Amino acid sequence: MLLIWISFVLLSVLAILHLVVGVSNDAVNFLNSAIGSRVSSRKVILIIAGIGLLTGTFFAGGMMDVARNGVIYPESFSLTELLIIFLAVVIVNIVIIDSFNTLGFPTSTTILVIFSLIGGALAMSLFKDSNDQGYTSFINTNKAFLVFAGILVSVFLAFIFGAVVQFITRLVFTFRFKGRFLFLFSVAGAVAITSILFLIIKKNIGGYLPMDDYFNMLPFGKIESLGVLFASTFILFWGLGLIFNINIPRLVVFFGTFALALSFAANDLVNFIGLPLTGIESIKAFLTQSGNNPETFKLEFLNKNWIQSNPFNDIVYLWVFLLSGIIMIVAIFYSKKSESVTDTEIYLGRQTHGYERFEPSPLSRLLVRQFLFFYNKMYVMLPTGVKNFCSARFEQPEPGTGVISADNEVFFDTVRASVNLVVASILISIGTYYRFPLSTTFIVFMVSMGTSLSDRAWGRESAVYRISGVLSILGGWFITAFLGFWGSFFITILIWWGGIIAILLLFLLTIVFLWRTTVSYRRKREKEIKAKNVFYNEAIESIEWLHDAGSEKIRRELLEVSKIYFLILHGLMTENINQTKEGYEKSIALKQSANKFKGEMFFAYSKLPDESQDSGQLFVQALDYLSELSNTLGIIAPMVFYHVENQHKGLTSSQFEDINVLQDEVASFFNFMIHLEKEKRFSSFSELKQKQINTIELIDDLRLVQIRRIRAGEGKTRINVIFMEILGETKNLMIYAYNLFQALREFHMQSVNPKHKL
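As the structure is a computational prediction, the values presented were derived from the model and not from experiment. (Residues numbered from 1 in each chain as written. Predicted model: local features only at pLDDT ≥ 70, side-chain atom pairs only at ≥ 80, totals over all residues. Heavy atoms only, no water.)

## A closer look at the overall build of the protein
Turning to step 1, where the next piece is worked out: Secondary structure assignment for the protein yields 25 helices and zero strands.
Turning to step 2, where the next piece is worked out: Evaluated residue by residue, the protein yields a buried proportion of 52% over its 758 residues.
Turning to step 3, where the next piece is worked out: Residue pairs at least 24 apart in sequence account for 84% of intrachain contacts in the protein once pairs closer than 6 positions are excluded.
Turning to step 4, where the next piece is worked out: Carbon and sulfur atoms make up 62% of the accessible area of the protein, which totals about 34,000 Å². (Helix = DSSP H or I, 4+ residues; strand = E, 2+ residues; numbered from the N terminus. Buried < 20%, exposed > 50% of the residue type's maximum accessible area, 1.4 Å probe, protein only. Contact = heavy atoms within 4.5 Å. Areas by Shrake-Rupley, 256 points an atom, 1.4 Å probe, with all protein chains shown as cover.)

Right, here's the structure in full:
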């Protein structure tokens, strides 16, 4: 009985944690379009989404069958066995979802819960006598694979539907739709809202009334009622547009956000509370029958249809659903990790170019190459009139018209946001009506990517990066399935062997894990927000901002260059794998940071007034040298790291002394340069030049001495090559660093005195 009560308490607590981490990941599904199109402030968007979430929880009753009997056969397990499976699955799900949240990756909670259940049930079947029926007597393989196949098919359908609908929509409304197409927008908006409302009614709240009974309550028939709804919505939109010049797509985005949040709660709430609720319901049934043994108590009653059992007749279930909605609302308002997940999806679909988070992969390059080949073949075959018409309809607005302010960029317009929401809502609502557990993340994400493709957001400058990001997220979903299956498999075995002690230990480890990732994420997020505020919250139109904020950033990057150089060389001297690995990883991060910083500064440079362009180009030149510094470290770091990691022979005593002297000289040079830049003592640049000359002369002398050693047969080939490479790249560091300082000096002089001759 102790296991029963501990399970009851832990399932209740874990259900809350699962809700928080789950909605933090899946909030991107219904927030992506509204936030990306900036239809309103984030607070207003979250309020609308919160209302949809709370409403949707009362539509989720029909989906609870998935947790009860959709994946496993509950009658094949005793109460104790089922509780062990549920505890293992929920713990694994929380850890995996939170890990993805920390990384800023959306994942499929539907796939995760299904494969986790299969893994847990399979593990438990190892300890049971299956009467030679194998695992099929415990796992509903037909339903599980049907769901998985349906999810895979939905990926392609969602992408195709999104692309086709967006293409047609853009042909009709173009990118220059503001103040135009009032009649067409009214019709399209009415069709969208009528379709969504019709499907919401088909969800059948709580199972109380069949859909036809809803319409029988109205004075009209089904078709007439829909016609009245369409006409009323059309007249409302038409009137608001005529009288108040209302942006109709904006209203559709508001309504679509509400509807998609509702659809999410109705379809995916089972992923978060389905297992704990089923476990608690099983415990409740066990306690109502005295004299039962939890080791032998069978769970055939779980095969009873959830809707037929009418959970809302029990006030407890009503409060469970209501509390779930409230927890999800609080989570989307206060979870910072949900912002990171949302940013990832928005940036993959944004209309503008800029820093790309994902690196291109061979597969993304191949797909882009094949698509361009097919596109060029088709383009040649199209009549000239068709090509001219499509080009005119897809003509982009003037640069800058899609930006409200520097930190409030519109990533895509309300027309695309409306298509994202309406198409995704309809697809998810259809799946929910047929009680088919679609992955809302799959649907929403692929619809969004399809509309991005049709909207030409994936240009030749960004396509390989965006497609690489899409493939990474799709791959992440399959990794989710793999981790969920094996994680639940092993945790179930661990709990079976360890009993209550294992359960409590795993629960404590889960809490510690959540706390550690939250602290780590907050520190990372604070740094990102601080850097973003430095860049965005200043007046980027002024050369003074570029001078202050940009110079401070370069100063930090130069300090990082010096630190990485020290780590690499000191790690080589001491043959310390950890130091060389840290230097290698930091060199990669520095290169990425430098490229991102360069992109941001190019954006700022484009915003400068004409009179500041001449001096601004000097700062761009400084950024080029900063990139060269990071590239130079990128040559030294991996070579040294792999040499030490492979346990090759280290430096000779003579080389050790030379590197030690060189390291001191380089550190002295960088420290002096950073000090001069910080104090704006550009008049002392001659002293820095002399330090550079001295260091380069030292490098040349060391190279000459090393050549003599090689001729004398001193040292091994590998370490000699690395030593000479370090000397050569260090010389490049000196050249690029001094040129960077000189560019900053000229930039400063030109900023202070515009008449200063360059």
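## A look at the packing of helix H2 (residues 28–37) against helix H3 (residues 42–56)
Turning to step 1, where the next piece is worked out: Between H2 and H3, whose axes approach to 10 Å, the crossing angle comes to 150 degrees. In terms of axis orientation, H2 runs roughly antiparallel to H3. Here the hand of the crossing between H2 and H3 comes out right-handed. Only Arg42, Ile45, Leu46, Ala49 and Leu53 of H3 make contact with H2, whose side of the interface consists of Phe30, Leu31, Ala34 and Ile35.
Turning to step 2, where the next piece is worked out: A class-by-class count of the residues in the contact of H2 with H3 yields eight nonpolar, no polar and one charged. (Axes fitted to C-alpha atoms, helices over the stretch in contact; angles between N-to-C directions. Parallel < 35°, antiparallel > 145°, perpendicular 65-115°, else oblique. Left-handed = near helix turned anticlockwise from the far one by under 90°. Nonpolar A, V, L, I, M, F, W, Y, C, P; charged D, E, K, R; others polar.)

## Quick look at the side chain of Ser488
Turning to step 1, where the next piece is worked out: Summarising the element assignment, Ser488 is placed in helix H19 (residues 463–536).
Turning to step 2, where the next piece is worked out: A distance of 3.0 Å separates the side chain of Ser488 from the backbone oxygen of Gly484, its partner in a polar contact. (Polar contact = N/O pair within 3.5 Å; in protein donor to acceptor, adjacent residues only side chain to side chain.)

## A short note on the packing of aromatic side chains
Between two aromatic rings, the relevant description is the distance of the centres plus the angle of the planes.
Turning to step 1, where the next piece is worked out: One pass over the full model with this rule turns up 30 aromatic pairs.
Turning to step 2, where the next piece is worked out: An angle of 20 degrees between the planes, with centres 6.3 Å apart, marks the rings of Phe371 and Tyr375 as stacked. With Phe371 and Tyr375 both in helix H15 (residues 362–381) and four residues apart, the pair spans about one turn of that helix.
Turning to step 3, where the next piece is worked out: Of the residues examined, Tyr375 reaches a relative accessible area of 36% and is grouped as partly exposed.
Turning to step 4, where the next piece is worked out: The rings of Phe173, Phe177, Phe181 and Phe185 are connected pair by pair, giving a single aromatic cluster.
Turning to step 5, where the next piece is worked out: Residue placement shows Arg170 over the ring face of Phe175; its charged tip is 3.8 Å from the ring centre.
Turning to step 6, where the next piece is worked out: Lying across the ring of Tyr738, Lys689 places its NZ or CZ 4.7 Å from the centre. (Phe/Tyr/Trp six-rings, centres within 6.5 Å; stacked < 30°, edge-to-face > 60°. Lys NZ or Arg CZ within 6 Å of the ring centre and 35° of its normal.)

## Focus: the confidence of the model for the protein
Turning to step 1, where the next piece is worked out: Counting all residues, the mean pLDDT for the protein is 80, and 81% of those residues have values of 70 or more.
Turning to step 2, where the next piece is worked out: At the level of individual helices and strands, the protein shows its lowest average pLDDT in helix H12 (residues 306–309), which scores 46, and its highest in helix H5 (residues 79–103), which scores 91.
Turning to step 3, where the next piece is worked out: Per-residue pLDDT stays below 50 along residues 205–210; that stretch engages in 15 contacts with residues further than four places along the chain or on separate chains.
Turning to step 4, where the next piece is worked out: In the model, residues 399–407 has pLDDT below 50 throughout and makes nine contacts with residues more than four positions away in sequence or in other chains. (pLDDT = per-residue confidence, 0-100.)

## Here we look at the pattern of salt bridges
Turning to step 1, where the next piece is worked out: If you walk through the whole model with that rule in mind, you get ten salt bridges.
Turning to step 2, where the next piece is worked out: The salt bridge partner of Asp455 is Arg170, with a shortest N-O separation of 2.7 Å. Residue Asp455 is located in the loop between helix H18 (440–454) and H19, and its partner Arg170 is located in helix H7 (residues 141–173); the two are separated by 285 residues in the primary sequence.
Turning to step 3, where the next piece is worked out: Residue classification places Asp455 among the buried residues on the basis of a relative accessible area of 1%.
Turning to step 4, where the next piece is worked out: What makes Arg170 buried here is its relative accessible area of 0%. (Salt bridge = Lys/Arg side-chain N within 4 Å of Asp/Glu carboxyl O.)

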